[in-house]
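Structural overview for review
Below are the chains, spelled out letter by letter.
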Amino acid sequence: MDIFFQQLVNGLTIGAMFALIALGYTMVYGVMKLINFAHGDMVAGAAFVGLTIYTHIMGEAASLLAVIAIFLLTAAVVAFLGILLERAAYRPLRNAPRLSAVVSALGASLIIQNGIMLVWGPQMRIFPELIPQVSWEFGGVIVSLIQFLIMGVSLLLMVALYLFIEKTRMGAAIRAASIDQDAARLMGINVDRIIAVIFIIGASLGAVGGLFIGLYYRGITFNMGWQYGLYAFVAAIMGGIGNIPGAMLGGIILGLFNAFIAGYVSSTWADAFTFILLIVILIVRPTGILGERVAEKV
Amino acid sequence: MKQTALLSMFLFIFCCFAGGAQAENTLKIGVQAPITGKYANEGQGIDQAVRLLAEQINAKGGVLGKQIEVVSCDDEGTAMKAAICAKNLVNKGVKMVIGSYTSTCAEAAQATYYRAGVLQTTDGTSDSLTEHGYWTFFRNSFPNSAEGNFAAKYLVKEKKYQRIAILSDFSSYADGLGTAVEKAVKNLNGNIIYRGKIKSGAQNFTPVITQIKSKKPDVLFFSGYFSDGGLIRSQMVGLGLKADFVGGDSNDNPDFLKLAGKSAQGAYIINVPTPELLPYDLAKDFLKAYKAKYNMTPPSIWTLLNVDGMRAFIHAMEQNNSFDTKQASEFLHQMKDYPGITGPISFAKDGNRIGSGYMAYRIEADGSYKIVFK
């Protein structure tokens, strides 16, 4: 039984990371009806930015304060890049056919990926052991400090985001813009600002996800954004794209599912089963688990 | 009619150019290596070392009066790119190819080189590489079966592990090595309690390690590459799996230490000696030249094994006084103990390098290697 609970912890850890990244996809889709394929590469970029901040600016000082500073600085840099991305790749196409924006997103993804390769090189870069390898045992189930941090910080951020969306004026404006941009504009909502905020939040959450990947897995490569982007994208679709709690749920389910398939069936089949699960969910509930049934515009 | 005339004119011009290209007075040597991607530091090492050796030979007047021209192709460590590289290098008219680093890539390319009569030397250790009977193929390292026998002896006879778990990835190298170790352990009546595979590059190995942990092994033998091995070692410790870690030769890379962090301490790695431990003058001179030119040491022994393959090829051509690859191949199959950077070089009929120089190292607290068994 402790194996089951251990796999649960393993799954929750990666699920939390998937959920953080999936939020970036789902929020942009919610407001702009656009799949931001460059989001995964922003996540990869965040890991590299974080590593550079640590080695060049912080002078490799390892302390709790340093770790927090890295997170804040990286989130700020990546949020800025997120706004830049929106300005350069998506705003000029706001009124263009949707397909143009998707092609632009794919192009942006390639540009960011190759940009990372040009700046940081094609080889694997390795994060230092910033989080000490400490772990606790609860009745045979081992939780390490880094796993605990990933789950805790992700949960905290998700709750904060949920409260922000549900309880603040800006959150209400975001919700309004996601229902109908034109109507929101008529009500005096500055949609351009909403979109900027969405990109800032999405990119910062992705940055935290990217740093967790770096801290947990240590090795980062310029093309890893594709892999994590795909997982997070699947998580967002599973939960119902455009739905914020849905992305969180989708991420967690995906992580758990992955861990249990890898643990009990075979690690090689984990990806295949992930997509089978996605197909099954989409057959049973075409709008995703928490997605609402929206009448198609004709 | 007019079109035919135009076409034949184009063909004529094309032939002139193609003919002109062939008459160039250089010896073209191909490098097929993962210059980008997960194994980039190994691939770059091979490319740099080949270029250094070519420079050294060119400075002494070249091979039989011809200067060496190095043509590199990046296979990214994937079979698909390897097949493309092979076609590319053959089209460019290379006489010999050094590479690739992985068995998968060497295998994907070797038929193309065989059909074109291009000599190939690789450090790939998968046994299947030499089972096709290609006269063009020469292995400059030692096959998995040799490492399997050594590893089994270490696990069963020396360390006396009672419960042995073996983990591989799906590459022809890692799977082949895992199977070789499994077979050799069984021959020594060792007890294998787990044999599994991971997807290379998946990063999250906690589910598999948790499963292995439930089987209570004394040791985990991992036959894949350092980029996964370092993480597996680190996640093993993180999950409280107290078993020893023994890594196959491809874990022998400085990045293994960085990925595993503090958990690297106490891990064992099986490989032929590291470059610094080679006792030969040739090795010391080459390492010195490499450091002077690139301001770093070669990433691993694999770099030097590849250089040895290239040296053997050039030696064969010089001895035959001909660039004919068939003659060179016949010479190489007869050659006995040609002095190499990594020790004497002789090849068996199937292209395997004869001998085995394996050792087991333990990684110490300061990151240095200590030889514990040979």
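Reading guide: rules and limits
- Residues numbered from 1 in each chain as written.
- Chains lettered and ligands numbered in written order.
- Predicted model: local features only at pLDDT ≥ 70, side-chain atom pairs only at ≥ 80, totals over all residues.
- Heavy atoms only, no water.
- UniProt positions renumbered as here; feature names shortened; annotations may be inferred.
- Helix = DSSP H or I, 4+ residues; strand = E, 2+ residues; numbered from the N terminus.
- Buried < 20%, exposed > 50% of the residue type's maximum accessible area, 1.4 Å probe, protein only.
- Contact = heavy atoms within 4.5 Å.
- Pairing = 2+ DSSP bridges.
- Right-handed = clockwise from strand over helix to strand, strands pointing away.

1. Some words on the UniProt feature "transmembrane region" (unreviewed entry) in chain A
Residues and elements named next belong to chain A. In this numbering, the UniProt entry assigns the feature "transmembrane region" (unreviewed entry) to residues 12–31, 38–57, 63–85, 97–121, 141–165, 194–217, 229–257 and 269–288. Taken end to end, residues 12–31 is 100% helix and 0% strand, and its two terminal C-alpha atoms sit 28 Å from one another. In this annotation, residues 269–288 is assigned 75% helix and 0% strand; the end-to-end C-alpha distance for the span is 23 Å.

2. Remarks on the side chain of His-39 of chain A
Residue and element names in this part refer to chain A. Position of His-39 relative to the elements: it lies in helix H2 (residues 39–57). His-39 sits in the buried class, given a relative accessible area of 4%. Apart from the residues lying within four places of it in its own chain, the contact partners of His-39 are Ile-21, Gly-24, Tyr-25, Gly-202 and Gly-206.

3. Concerning the side chain of Thr-210 of chain B
Relative to the assigned elements, Thr-210 of chain B resides in helix H7 (residues 206–213). Those residues in contact with Thr-210 of chain B that sit more than four places away from it in its chain are Ile-3, Gln-6, Gln-7 and Asn-10 of chain A together with Leu-239 of chain B.

4. Some remarks on the pairing of strand S6 (residues 164–168) of chain B
Residue and element names in this part refer to chain B. By the criterion of burial, S6 is predominantly enclosed, with five of the five residues buried. Alternating residues of S6 divide into Ile-164, Ile-166 and Ser-168 and Ala-165 and Leu-167, and every residue in both groups is buried. Looking at chain direction, S6 and strand S8 (residues 219–222) are connected through four bridges and run parallel. Bridging across to S8, Leu-167 finds its partner in Phe-222. Across five bridges, the pairing between S6 and strand S7 (residues 192–197) is parallel. Looking across to S7, one finds that Ile-164 is bridged to Ile-192. Each parallel crossover has a hand, and for S6 linked through helix H6 (residues 172–187) to S7 it is right-handed.

5. Topic: the environment of Met-224 of chain A
Residues and elements named next belong to chain A. In this structure, Met-224 sits in helix H9 (residues 224–239). In this structure Met-224 comes out as buried when scored by relative accessible area, which is 5%. Between the C-alpha atom of Met-224 and that of Ile-213, which follows or precedes it by 11 residues, the distance is 9.9 Å.

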